[in-house]
Amino acid sequence: MKFDLTNLRGDIYGGLTAGVIALPLALAFGEASGAGPMAGVYGAIFVGFFAALFGGTGAQISGPTGPMIVVFAGVFASLSGDLSLIFATVILAGVLQILFGVMGFGQYIRLVPYPVISGFMSGIGCIIIALQAARLFGHEPEGGGTVPALMEIPTAVMDPNFAALGVGLLTLLIVFKWPAAWGKYLPGPLAALVIGTLVSLALSGVPILGNIPTGLPSFIMPSFEASTALIVIEAAFILALLGSIDSLLTSLVADNMTRTRHQSNKELVGQGVGNMVAGFFGGIPGAGATMRTVANIRTGGLTRISGMLHSLLLLAVVVALAPLASMIPHAVLAGILVKVGYDIIDVSYLKRAHQGPRWDLGLMVLVLGLTVFVDLIT
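Each residue is numbered by its place in its chain's sequence as written, counting from 1. It should be noted that, the model being predicted, local features are given only for residues of pLDDT at least 70 and side-chain atom pairs only at 80 or more, the latter also being counted only at that level, while totals for whole chains, interfaces and linings use all residues. Excluding hydrogens and water, the side-chain values take into account all heavy atoms of the structure.

Trainee: Quick question: what am I supposed to make of the overall build of the chain here?
Mentor: Going along the chain from the N terminus, every DSSP run of H or I of four or more residues is numbered as a helix, and every run of E of two or more is numbered as a strand. A count of helical and extended segments in the chain gives 16 helices and two strands. The dimensions of the chain, computed from C-alpha atoms along their principal axes, are 55 × 50 × 45 Å. The buried label goes to any residue with under 20% of its type's maximum accessible area, the exposed label to any with over 50%, and the partly exposed label to all in between, with areas taken from a 1.4 Å probe on protein chains only. For the chain, the proportion of its 378 residues judged to be buried stands at 55%. Contacts between residues were defined by any pair of non-hydrogen atoms, one from each residue, lying within 4.5 Å. Taking the intrachain contacts of the chain between residues at least 6 apart in sequence as the baseline, contacts between residues at least 24 apart amount to 84%. Counting rule applied: Lys, Arg positive; Asp, Glu negative; His and chain ends not counted. Charged side chains are reduced to one point each, which is NZ for Lys, CZ for Arg, CG for Asp and CD for Glu. If the 16 positive side-chain charges of the chain are averaged to one point and the 17 negative ones to another, these points end up 17 Å apart.

Trainee: I keep staring at the environment of S62 and nothing clicks. Help me out?
Mentor: Position of S62 relative to the elements: it lies in strand β1 (residues 62-63). A residue is classified by how much of its surface remains accessible, and S62, at 2% relative accessible area, is buried. In sequence terms S62 and L172 are 110 residues apart; their C-alpha atoms lie 25 Å from each other. Not counting residues up to four positions away in its chain, the partners in contact with S62 are A44, V47, G48, A51, Q271, A287, G288, A289 and H310. In protein, a polar contact means a hydrogen-donor-capable atom and an acceptor-capable atom, both N or O and within 3.5 Å, with residues adjacent in sequence counting only if both atoms are side-chain atoms; elsewhere, any N or O pair within 3.5 Å suffices. At 2.8 Å, the side chain of S62 forms a polar contact with the side chain of Q271.

Trainee: Where do I start with the packing of helix α5 (residues 114-136) against helix α14 (residues 330-344) in this structure?
Mentor: Remark: α5 packs on α14, axes separated minimally by 8 Å, with the N-to-C direction vectors making an angle of 160°. As far as their axial angle goes, α14 and α5 are roughly antiparallel. Crossing angle aside, the handedness with which α5 passes α14 is left-handed. The residues of α14 that touch α5, namely those facing M121, S122, I124, G125, I128, I129, Q132, R135 and L136, are A331, A334, G335, L337, V338, G341, Y342 and I344. Along the lines of polarity and charge, the residues of the contact of α5 with α14 split into eleven nonpolar, five polar and one charged. Here an angle of 0 to 180 degrees is reported between the N-to-C directions of two axes, which are lines fitted to C-alpha atoms, with helices fitted over the stretch in contact. Note on terminology: angles under 35 degrees are roughly parallel, angles over 145 are roughly antiparallel, angles of 65 to 115 are roughly perpendicular, and the others are oblique. Should the near helix be turned counterclockwise from the far one by less than a right angle, the crossing is left-handed, whereas a clockwise turn marks it as right-handed. In this classification, the charged set is Asp, Glu, Lys and Arg, the nonpolar set is Ala, Val, Leu, Ile, Met, Phe, Trp, Tyr, Cys and Pro, and all remaining amino acids, among them Gly, are polar.

Trainee: What exactly am I supposed to notice about the packing of aromatic side chains here?
Mentor: The geometry of an aromatic ring pair is captured by two quantities: the separation of the ring centres and the angle between the planes. What counts as a ring pair is set by centres within 6.5 Å for rings of Phe, Tyr and Trp (its six-membered ring), and what kind of pair is set by the plane angle: stacked under 30 degrees, edge-to-face over 60, tilted for all other angles. Within this structure, the stated rule accounts for twelve aromatic pairs. The interplanar angle of 20° and the centroid separation of 5.1 Å between the aromatic rings of F46 and F281 together place this pair among those described as stacked. Of this pair, F46 sits in helix α2 (residues 37-54) while F281 sits in the loop between α11 (264-280) and β2 (287-288), and the two are 235 residues apart along the sequence. With a relative accessible area of 15%, F46 lands in the buried category. Exposure remark for F281: the relative accessible area of 28% places this residue in the partly exposed category. An aromatic cluster is present here, built from F46, F219, F280 and F281 joined pairwise through their rings. Placement of a charge over a ring requires the Lys NZ or Arg CZ to be within 6 Å of the ring centre, with the centre-to-atom vector within 35 degrees of the ring normal. Above the face of the F176 ring, K339 is positioned so that its terminal group lies 5.5 Å from the ring centre.

Trainee: Explain the pattern of salt bridges here, please?
Mentor: For side chains of opposite charge, pairing can occur when their charged atoms come near one another. Salt bridges, as used here, are contacts in which a Lys or Arg side-chain nitrogen is within 4 Å of a carboxyl oxygen on Asp or Glu. According to the stated counting rule, one finds two salt bridges in the structure shown. Across the pair R135 and E140 runs a salt bridge, and its minimum N-O distance is 2.8 Å. Assessed through its relative accessible area of 16%, R135 is described here as buried. Among the ionic pairs, K339 bridges to D343, the shortest N-O distance being 2.9 Å. Placement of both K339 and D343 in helix α14 is noted, with a separation of four residues, approximately one turn of the helix.

Trainee: Would you mind going over the side chain of S251 with me for this structure?
Mentor: Here S251 lies in helix α10 (residues 229-258). Take S251: its relative accessible area is 0%, and that puts it in the buried class. Each residue touching S251, except ones within four places of it in the same chain, is listed here: T57, Q60, H262 and E267.

Trainee: Before we go on, may I ask you to explain the packing of α2 against α11 in this structure?
Mentor: Axis angle and axis distance: for two packed helices, these are the angle between their axes and the distance between the axes, and together they describe the pair. Between α2 and α11, the shortest axis-to-axis distance is 7 Å and the interhelical angle comes to 150°. The angle between α2 and α11 falls in the class roughly antiparallel. Note that α2 runs across α11; the crossing there is right-handed. Mapping the contact onto sequence places F46, V47, F50, A51 and F54 in α2 and K266, G270, Q271, V273, G274, N275, V277 and A278 in α11.

Trainee: In this structure, what is going on with a nonpolar patch on the surface? I would like to understand it.
Mentor: Patch criteria: residues need more than 30% relative accessible area and no salt bridge. Like-charged residues are merged within 9 Å; nonpolar side chains of Val, Leu, Ile, Met, Phe, Trp and Tyr are merged within 5 Å. Accessibility throughout is a Shrake-Rupley quantity obtained with a 1.4 Å probe, and a residue counts as covered only by protein chains that appear here. Nonpolar side chains collect at one region of the surface, where V194, I195, L198, V199, L201, L203, I208 and M327 lie side by side and expose about 640 Å² of accessible area between them. Topologically, L203 is positioned in the loop between α9 (188-201) and α10.

Trainee: Explanation requested: unusual backbone geometry in the structure shown.
Mentor: Comment: phi is negative for the bulk of residues other than glycine, and the bulk of peptide bonds are trans. One non-glycine residue, S80, adopts positive backbone phi at about 40°. Position of S80 among the secondary structure elements: in the loop between α3 (66-78) and α4 (83-102).

Trainee: Help me understand α11 in this model?
Mentor: Side chains that are three or four residues apart share a direction in an α-helix, a result of its 3.6 residues per turn. How far a helix is expected to stretch is found by multiplying one less than its residue total by 1.5 Å. Its 17 residues place the ends of α11 25 Å apart at the C-alpha level, agreeing with the 24 Å of an ideal helix rising 1.5 Å per residue. Along α11, twelve of the 17 residues are buried, which leaves the element largely enclosed by surrounding structure. Those residues of α11 hidden inside the fold are in contact with α2, β1, α3, α4, α10 and β2.

Trainee: Looking at this structure, I do not really get the nonpolar core. What am I missing?
Mentor: Side chains of a nonpolar character, in soluble globular proteins, are inclined to be buried together. Judged by nonpolar contacts, the single largest core of 78 residues is most densely connected at L27, V41 and L193. Residues within four places of V41 in sequence aside, it is in contact with A26, L27, L314 and V318. Core analysis: the next-biggest nonpolar cluster, separate from the first, contains eight residues, F137, L165, A334 and V338 among them. The set of buried Ala, Val, Leu, Ile, Met, Phe, Trp, Tyr and Cys residues whose side-chain atoms join them within 4.5 Å is what this entry labels a nonpolar core.

So this is what it looks like as structure tokens:
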């Protein structure tokens, strides 16, 4: 396997920048998934490294993404926290992605109509915001899923933890208003993570992550049971399909920015290998991440070296700084995720939807409604 060293300086800078942006998001996604913040970081390390090494999009940065977390959190809840079954789902999803790539399905992903993708992504954005809304007020929703989270919001608004709410609002202000010029040196999500956590130290009663296991991940032996086989297979198929669509859409964005052409089937194999390895080590599943890929390209990253470096930076953080992560408040991660959810919602399409065919808008709204209130499969 050849490595292109002609852009080494740009790749180093791009990879380090992407790693800095990925850290707060990985912690937040891990916490939101139910598997814990470090599972998010392990997912970013393994998916990011192996998808870059074996994938077909040079500048792609992979790791946990909003859509994947929404599905994975549902799997985590439906299998009631049985790690060997849950991560068997992730491993199977990786195997399916490799099969998609080997069978040449990469070019068919683009046949999915835009209103369906738009409604799907917007629905996922709404779910992420709904799941985090109560946490901004210092409350924890009872039970998993969107509906319990929505039911908790009135209680949270009527009886807020003011310290947590203050920290949450400060986080929202930073992630939404952080100047782009400053973002080149310190990304908004990382600034929000550091500032929000430091402010919370001066306050009492802010719910924090608490004890986090440190060091390297342990090997998880997957298992299958006849009683849950249908849930595992169904969830693995959705994760594989969703991860493939998410990754190849990000590959198209990378192509537009770098004036290159990605290899879609090779990219699916790379994503599959990444998710398979992540599953064996308790990492949550991931896909090509648009925001991190764009940041990588803007700061000079062009080849697979940048994606691998982004993972190695996160690995160094895990080994050295995990004890500090225990002080991060839930409200700070909730604020960061609300911004992620807002960015996933297809606001530009909604603004101009009235100019296009009514059928397209109807289809988009139908998919959005099904995604939020029924489930992603439907």
